[in-house]
Every structure is written in C-alpha cells, then in structure tokens.
Amino acid sequence: MEQITIGVLVNTHGLRGEVKIKTMTDFPHIRFKKGALVHLQAEEGLLSLKIKSVREQKGLLLVKFDGYDDINQVEKWKGSLLSIDRKDVHELEEDEAYFFELKNCEVFDEEGNKLGIVSEVLDTNANAILRVKGVKGDILIPYVKAFVVSFSREDKKIVVHLVEGMI
C-alpha cells in the first residue's frame, strides 16, 4: 500500500514515551487525534501505531502511542517519518491538490509549450510554490489561481499562466 507522509518524529519529550512531531499535513487535528492509526517508517519496517494522547506545544505535537510508555522504547525513532495509507486521504475540491499529487507533473504554458516537470513543492504557509525543473533551469510558480490555469490528476499535467519575468 502506498504511504503518504504526514509528519516527522523530531524528538522525545520526557521519560514516559511521549514524542515531538512536526506535522506535514493540512489536517493535523484529524491525522493526529486520539485513537487515530498512523504508520512509522522504522528500521525494522513499517510499524502501525495507535495514538493514545496528543497535545500542542510550541508549534509541534506531543504524541503518546498505545503500548509505548518509556523513553527507551521511542528514542530510536528520532527522525522517522509518519504516514497514512494512500486510501485514507481526504477527497479534495477539483481545484485543490495534495503536494504528492503535484510532484512529477508536467507543466505547460497556455500556448502548450512544455516548461518542465515539478521537482519539488515548497510550502510557504501562505501558498505552495512549484519548483519546475526545465531545460532552461528552475522556474518557481506559485500554486494559486492567478497562475495555475488547470490541473489534471489523471494526466499529471498542470497548465500555468506566465507573467513577464517568471522565466
């Protein structure tokens, strides 16, 4: 099953198995609520963990997993990614997209000229920025309606409106 990254375990907190998580999802209060199931990509493979408790502190989530009550059990997970199954993502509106859907999309201008392929999606908190790797170098394009004319999930294709100075 394809995994979608929703966070990274950055550190431990205290001695009773709590961990600090930096979220990488637009739905942190759904993905990291009490009782939710997440997967941790550990050295020994993919572990399924049930969230026992969660609270916020200084921009991070402090999470405790069922069955892990000691720092020694969770310390080895520092730096590990947390994910969910692809089938568990929320359906979005037609003009919305997940970052993982935008990556590797072909990008064209309104005249049909291929500009390149999305190599990275940058999160600026205000909006996403597409890094398009083309033959003439990288182009940064804000993922907002003023620039994105259309996005096709099926075709992995984005059509953009360019303004002077973008290329």
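Residues numbered from 1 in each chain as written. Predicted model: local features only at pLDDT ≥ 70, side-chain atom pairs only at ≥ 80, totals over all residues. Heavy atoms only, no water.

A few words on the sheet that holds strand S7 (residues 106-109). Ordered in space as S10-S9-S8-S7-S12-S11, the six strands form an open sheet in which the pairing is mixed. One side of each edge strand has no neighbouring strand; the edge strands of this open sheet are strand S10 (137-142) and strand S11 (148-152). With direction set aside, neighbouring strand axes in the sheet form an average angle of 30 degrees. (Pairing = 2+ DSSP bridges. Helix = DSSP H or I, 4+ residues; strand = E, 2+ residues; numbered from the N terminus. Axes fitted to C-alpha atoms, helices over the stretch in contact; angles between N-to-C directions.)

What follows deals with a negative patch on the surface. Residues Asp26, Glu93, Glu94, Glu96, Asp123, Glu154 and Asp155 make up a contiguous surface patch of negative charge. With respect to the helices, strands and loops of the structure, glutamate 94 is situated in the loop between strand S6 (81-85) and helix H3 (99-102). Residue glutamate 94 is classed as exposed on the basis of its relative accessible area, which comes to 72%. (Patch = residues over 30% accessible without salt bridge, like charges linked within 9 Å, V, L, I, M, F, W, Y side chains within 5 Å. Areas by Shrake-Rupley, 256 points an atom, 1.4 Å probe, with all protein chains shown as cover. Salt bridge = Lys/Arg side-chain N within 4 Å of Asp/Glu carboxyl O. Lys, Arg positive; Asp, Glu negative; His and termini not counted. Charge placed at Lys NZ, Arg CZ, Asp CG, Glu CD. Buried < 20%, exposed > 50% of the residue type's maximum accessible area, 1.4 Å probe, protein only.)

On inspection of all chains with the given rule, the structure shows 10 salt bridges. With a closest N to O distance of 2.8 Å, arginine 153 and glutamate 101 form a salt bridge. Remark: glutamate 101 occurs in helix H3 and arginine 153 occurs in the loop between S11 and strand S12 (157-160); sequence separation between them is 52 residues. The exposure class assigned to arginine 153 is partly exposed, which follows from its relative accessible area of 30%.

In the structure shown here, the tally under the stated rule is four aromatic pairs. Each ring, one from phenylalanine 65 and one from tryptophan 77, has its centre 6.3 Å from the other, and the planes form 70 degrees; the classification is edge-to-face. Taken together, the positions of phenylalanine 65 in strand S5 (residues 60-65) and tryptophan 77 in the loop between helix H2 (71-74) and S6 put the pair 12 residues apart, joining distant regions of the chain. Tryptophan 77 shares its class with phenylalanine 65; the two are buried. (Phe/Tyr/Trp six-rings, centres within 6.5 Å; stacked < 30°, edge-to-face > 60°.)

Looking along a regular strand, one sees side chains alternate from face to face of the sheet. With six bridges joining them, strand S8 (residues 114-123) and strand S9 (residues 128-134) adopt antiparallel strand pairing. Paired with isoleucine 117 across the strands is lysine 133, a residue of S9. What sits between S9 and S10 in their antiparallel hairpin is a turn of two residues.

Quick look at unusual backbone geometry now. The phi dihedral of asparagine 104 falls on the positive side, at around 70 degrees, and the residue is not glycine. Within the fold, asparagine 104 resides in the loop between H3 and S7. Since its relative accessible area comes to 55%, asparagine 104 is described here as exposed. Backbone geometry at lysine 156 places phi at a positive 55 degrees, although glycine is not the residue there. Within the secondary structure, lysine 156 is located in the loop between S11 and S12. Look at lysine 156 and you get partly exposed, because its relative accessible area is 30%.

Before going further, it helps to examine the environment of tryptophan 77. Given a relative accessible area of 1%, tryptophan 77 falls into the buried group. Separated by 17 residues in sequence, tryptophan 77 and glutamate 94 place their C-alpha atoms 37 Å apart. Those residues in contact with tryptophan 77 that sit more than four places away from it in its chain are Leu9, Leu40, Ala42, Glu44, Leu47, Leu49, Phe65 and Tyr68. (Contact = heavy atoms within 4.5 Å.)

The next subject is the side chain of aspartate 109. Along the chain, aspartate 109 turns up in strand S7. Although aspartate 109 is buried, it makes no salt bridge; lysine 136 carries the closest opposite charge, 9.3 Å away. In this structure the side chain of aspartate 109 is engaged in a polar contact, spanning 3.0 Å, whose partner is the backbone nitrogen of glutamate 111. Residue contacts for aspartate 109: discarding those within four places in its chain leaves Leu115, Val159, Val160 and Leu162. (Polar contact = N/O pair within 3.5 Å; in protein donor to acceptor, adjacent residues only side chain to side chain.)

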